[in-house]
Amino acid sequence: MDLISETLEGLDWPRVLDALAQHTGTAAGGRAARALTRLSLDDVRLAHDAIDEVRALIEDDRAVHVAGVHDIRPWVQTTTKGGVLEVAELRAIGDSLLAMEELGEQLLDAGELAPVLGRMGETLPIGLDLTAELRDAFDRSGQLSGERYPELAELRRRITELHGAIRNTLEELVKGDSLADMLQDRFVTQRSDRYVLPLKAFAKGHDVGIVQGVSGSGQTVFVEPHQVVQLNNRLRIAEGELEATEKRILAQLSRWVSTEASGILDGLDATTAIDLVLARERLASALQCTRPHVGTDGVIRVTGARHAVLALRGVKVVPNDLTLSSAQPALVLTGPNAGGKTVALKTLALCALLVSIGCWVPADEGSRVDLFDGVLASIGDAQSVAEDLSSFSGHLTVLREMLAAAGPGQLLLLDELAVGTDPTQGAALAQAVLERLVASGARVVVTTHFSRLKSLAVVDERFAAAAVEHVDGEPTYRVVQGATGESHALAIARRMKLDEALLERTESLIGEGERAFSAATEALEIERSQLTRARIQAEARAAELEALARKLEAREARIRARAKELEEQAAQGFRDRLDRAEQAIGQVVAELQKKPSHAGVAQARATVGALASLAPRTTEDVEPDEAELAAGDEVRLKTGQIGKVLSLRGNRVEVQTGGITVRTKRAELTRLAGPSQVVRAVTPTFEVRKAPAPSLEQAVRIEGNTLDLRGKRVDEGLMEVETFLDRASRGGWDSVFILHGHGTGAMKRAVREYLRTAGEVSEWMPANADQGGDAYTVVAVV
């Protein structure tokens, strides 16, 4: 007897693996899912981490997928043995390489959000030349591409022309008079891959061509007229050349695949592993699973656990709390038949098996399911006619194997232990077996009706008791911890509508003391069920609140991490702007040192003034009363730039900043206390002070106030001009530059025509030589 296989069948484990396989995205993933066996503790935890990462990516709208990866392993292996692949097989390899490359890029993009998945994807083939070659090797129809392989295009063109020439010649013969009396029908067809005409049988006696076939009746001969023999020959030669060329290209591509075979196979393994992770997450979603704590101490403590197979079938499952621990390694489940004892036993076993293959469990948050070395079960009738075993003998055979396998790390499940024999002897045997199994260090779950086993929880602290609830003659399918249950044989018999006289006779045969004991036990069960309901409701509410708190904490942590990331990006952006400012100032100084002039000094003043607002300020910000603001005051704009008040008109203020004039609201300014700041050049030869707002001739072009339209279409460029001018107007810029280049002049004309009617423009002019010349247009913004 193969007890492991019997166990898995008895627990309906193949149905769970089938459900997992149905959630995979590749054929290889489906096969791997159905073949999953126990993982190591480290691998289980990594699998659980990976499921968490998949969910994080989904929440971040960066879900990964394995779609497009085909089952190409056999074909790749064929190339390593010198085999040449067909077009469809090479196309599938190319599609799969593209899909694996996309998967790898998705994981690279995920970065720190999915480190486990990232490590799993390290062997995915990214950037292979073969991938690009296979992508370009085939056209949309699936043939080798004539664009990629011009020799194929030439041969196909020649073949098409020959087909046309042959058909035209034959159609002329059909329409003409030379064969009119011989034609059996007026159409062109093929025999032996050569074009022929259907002629009457007597045509064989006339030298009109080569007979390539005869109809079944013998009335029609298919003749290749002399006029097309050479054309047919040339066609067959061209077709042969085409076939040989295609085979040569396919052989080259196949050899290339063989050189990359090892990396491709590694990529397929990685894809399959990632596919399994995605399937685990989908199964967890389907079954509303949670991540359990996992150890190796033989502990199972699940709250709200549900039978996985019943849940997959869409059955509304009653959740239950079930526990096994080092202190109480055995659980005795009691209660009536059809009350849910076996379902509870299987629920524990399925949770253990799910964890062993890296899945989460259908239970509430905070559950714990340790990793077991093995799970063995005795469920159902072990009778075997082939092996000449009665039910009891077959049951003993299973017990013998369990006793041999028992030990630490084993989870053993026995449904209706030692039934099928004398109840007194069977109960004694059952107790002895349970004591031996527990002493071995195994974890044990047993269902029973034996009173002797029900009392074990009282006399032996290693045993925990639990009962399935039965209220008003009906099962509730709830498991009550710490309780023993009556079998309720008579109540079930009444529900099944057995003869009442028969049931009354049964009751009369039961002793008075035993009847009183059963009645008292049933009353206790009712009271206990009421208390249990209240406790379950309270615990459920507490669990919901705890889970909500954890989710909020996790979300807050993600928000903090994102905020930190944004702060770092902003800081880097500021550093980059400072670097560009330093480079620009250095450039200005170098130009002045090289060729000092009045015009150069004026331009330097304006450039340095425009860049001065990027420098950090040490002057203390003051929030003044409106009456304190006056012309000449230094202020900070809402954008962070520093400037000087030129004039005030009601609530509108004109501010000079960096050589440009800004119009803004008084409320968007902060006056700076202290004396005016002087911007000093990096050389000691001169000092630059902020200049008044320049005219268009004096406007200075810098990177920040210039729009580059080179390489763009006219309609695209005009849309960018509109956006750029709007931003400049709202930002209070005084002047901007548009770089349209010379080219055909179309962009220049379109831009300047647009500026004539643009609402944000007060005037414009072609840039002078110092500003870059006619390739630029300088614009005054309002």
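Residues numbered from 1 in each chain as written. Predicted model: local features only at pLDDT ≥ 70, side-chain atom pairs only at ≥ 80, totals over all residues. Heavy atoms only, no water.

## Side note on the overall build of the protein chain
Under the convention used in this document: Per the convention used, a helix needs a DSSP run of H or I reaching at least four residues, while a strand needs a run of E reaching at least two, with both numbered from the N terminus. Summary of the burial criterion: residues with accessible area below 20% of their type's maximum are buried, those above 50% are exposed, and those between are partly exposed, where the area comes from a 1.4 Å probe applied to protein chains only. Areas reported as accessible are Shrake-Rupley estimates using a 1.4 Å probe. Residue values count occlusion only from the protein chains shown.
The helix and strand inventory of the protein chain stands at 23 helices and 23 strands. Taken across its 782 residues, the protein chain has 43% of its residues classed as buried. Split by element, the accessible area of the protein chain, about 40,600 Å² in all, is 51% carbon and sulfur.

## Quick notes on the pairing of strand 6 (residues 320-324)
Test applied: Two strands make a pair as long as DSSP finds a minimum of two bridges between them.
Burial of the side chains of strand 6 is restricted to one face: Asn320, Leu322 and Leu324 are buried, whereas none of Asp321 and Thr323 on the reverse face is. Pairing geometry for strand 5 (residues 300-305) and strand 6, over four bridges, is antiparallel. Bridged to Ile300 within strand 6 is Leu324.

## Here we look at the sheet that holds strand 8 (residues 368-369)
Sheet strands line up and pair through hydrogen bonds in the backbone, either parallel or antiparallel. If you walk across this open sheet you meet the three strands as 6-5-8, and the pairing is antiparallel. Taken across any chain shown, the strands that pair with only one partner, and hence form the sheet edges, are strand 6 and strand 8.

## Remarks on unusual backbone geometry
Within the chain, Asp12 stands out as a residue other than glycine whose phi angle is a positive 60°. With respect to the helices and strands, Asp12 occurs in the loop between helix 1 (3-10) and helix 2 (13-22). A residue is classified by how much of its surface remains accessible, and Asp12, at 24% relative accessible area, is partly exposed.

## Topic: the sheet that holds strand 20 (residues 706-708)
Filter applied, for reference: Simply put, an axis is a line fit to the C-alpha atoms, just over the touching stretch for a helix, and the angle between two N-to-C directions goes from 0 to 180 degrees. In what follows, a contact means two residues having at least one pair of non-hydrogen atoms within 4.5 Å.
Strands sit in the order 20-21-23-22 across an open sheet of four strands; the sheet is mixed. Among the strands making up the open sheet, the edge pair consists of strand 20 and strand 22 (761-766). Neighbour to neighbour, the strand axes of the sheet diverge by 20° on average, direction disregarded. By the bridge criterion, five bridges tie strand 22 to strand 23 (residues 776-781) in an arrangement that is antiparallel. Opposite Val761, over in strand 23, you have Val781 as the bridge partner. Against the sheet, helix 22 (residues 714-730) touches strand 20, strand 21 (735-739), strand 22 and strand 23, its axis set at about 165° to strand 21.

## Some points on the packing of aromatic side chains
For the record, the criterion: Pairing of aromatic side chains here covers Phe, Tyr and the six-membered ring of Trp, requires ring centres within 6.5 Å, and sorts the geometry by plane angle: under 30 degrees stacked, over 60 edge-to-face, intermediate tilted. For a ring to carry a charge above it, either NZ of a lysine or CZ of an arginine must fall within 6 Å of the ring centroid while also lying within 35 degrees of the normal to the ring plane.
Enumeration over the complete set of coordinates arrives at one aromatic pair. Between Phe724 and Trp733 the ring centres are 5.9 Å apart and the planes differ by 65°, which places this aromatic pair in the edge-to-face class. Against the face of Phe222 rests Arg191, its NZ or CZ located 3.9 Å from the ring centre.

## Looking at the pattern of salt bridges
Think of it this way: side chains of opposite charge can pair up when their charged atoms draw near. Note the threshold: Salt-bridge detection follows one rule: a side-chain nitrogen of Lys or Arg within 4 Å of a carboxyl oxygen of Asp or Glu.
Summed over the entire model, instances satisfying the criterion amount to 31 salt bridges. Salt-bridge contacts for Arg541 lead to Glu544; the nearest nitrogen and oxygen are separated by 3.3 Å. Remark: Glu544 and Arg541 occur in helix 20 (residues 512-594); sequence separation between them is three residues, near one turn of the helix. The exposure class assigned to Arg541 is partly exposed, which follows from its relative accessible area of 49%. One connected set of salt bridges, linked through shared partners, spans Asp49, Asp52 and Arg291.

## Section: the nonpolar core
What counts, and what does not: Residues enter a nonpolar core if they are buried and are Ala, Val, Leu, Ile, Met, Phe, Trp, Tyr or Cys, with the set joined through side-chain atoms within 4.5 Å.
Counting 64 residues, the largest nonpolar core has Leu197, Leu199, Leu253 and Ile264 as its most contacted members. If sequence neighbours within four positions are ignored, Leu197 has contacts with Leu170, Leu173, Val174, Leu179, Leu183, Phe187, Val188, Val221, Phe222, Val223 and Pro225. With 56 residues, the next largest nonpolar core counts Leu41, Ala363, Leu371 and Leu411 among its residues.

## Focus on the pairing of strand 19 (residues 669-672)
In strand 19, alternate side chains face the same way, and those of Leu669 and Arg671 on one face and Thr670 and Leu672 on the other are all buried. When strand 15 (residues 634-637) meets strand 19, the two strands line up antiparallel, connected through three bridges. Paired with Arg636 across the strands is Thr670, a residue of strand 19.

## Overview of the environment of Val16
Along the chain, Val16 falls in helix 2. Sequence-wise, Val16 and Leu350 are 334 residues apart; in three dimensions their C-alpha atoms are separated by 8.9 Å. The contact partners of Val16, leaving out residues within four places of it in the chain, are Val309, Leu312, Leu350 and Leu354.

## Considering the packing of helix 22 against helix 23 (residues 746-755)
Note the cut-off: For classification purposes, angles smaller than 35 degrees are called roughly parallel, those larger than 145 roughly antiparallel, those between 65 and 115 roughly perpendicular, and all remaining angles oblique. For any pair of crossing helices, the crossing counts as left-handed if the nearer helix is rotated counterclockwise from the farther one by less than a right angle, and right-handed if it is rotated clockwise. All amino acids are sorted into three groups, where Ala, Val, Leu, Ile, Met, Phe, Trp, Tyr, Cys and Pro are nonpolar, Asp, Glu, Lys and Arg are charged, and the leftover types, Gly among them, are polar.
Relative to each other, helix 22 and helix 23 sit at 40°, their axes nearing to 10 Å. Here helix 23 runs oblique to helix 22, going by the angle between their axes. Viewed along their axes, helix 22 and helix 23 form a crossing whose handedness is right-handed. Across from Val714, Gly717, Leu718, Val721, Glu722 and Leu725 in helix 22, the residues of helix 23 making contact are Ala746, Met747, Ala750, Val751, Tyr754 and Leu755. Looking at the contact of helix 22 with helix 23 residue by residue, the class counts come to ten nonpolar, one polar and one charged.

## As for the confidence of the model for the protein chain
The condition is simple: Each residue gets a pLDDT score, which is the predictor's confidence in that residue and runs from 0 to 100.
Scored by pLDDT, the protein chain comes out at a mean of 84, with 83% of its residues at no less than 70. Low pLDDT (under 50) marks residues 382-389, which in the prediction has eleven contacts with non-local residues, meaning those over four places away or in another chain. Confidence drops under pLDDT 50 across residues 674-693; counting only partners more than four residues distant or on other chains, this segment forms 34 contacts.

## Thoughts on the environment of Ser393
Relative to the helices and strands, Ser393 is located in helix 14 (residues 391-405). Considered as a pair, Ser393 and Ala418 are 25 residues apart in the sequence and their alpha carbons are 10.0 Å apart.

## What to know about the state of the cysteines
We count it as follows: Disulfide assignment relies on a single distance test, namely cysteine sulfur atoms paired within 2.5 Å.
In this structure the tally under the stated criterion is zero disulfides. Its sulfur unpaired, Cys359 is 7.7 Å from the next cysteine sulfur, which belongs to Cys289. Residue class for Cys359 comes out buried when judged on its relative accessible area of 2%.

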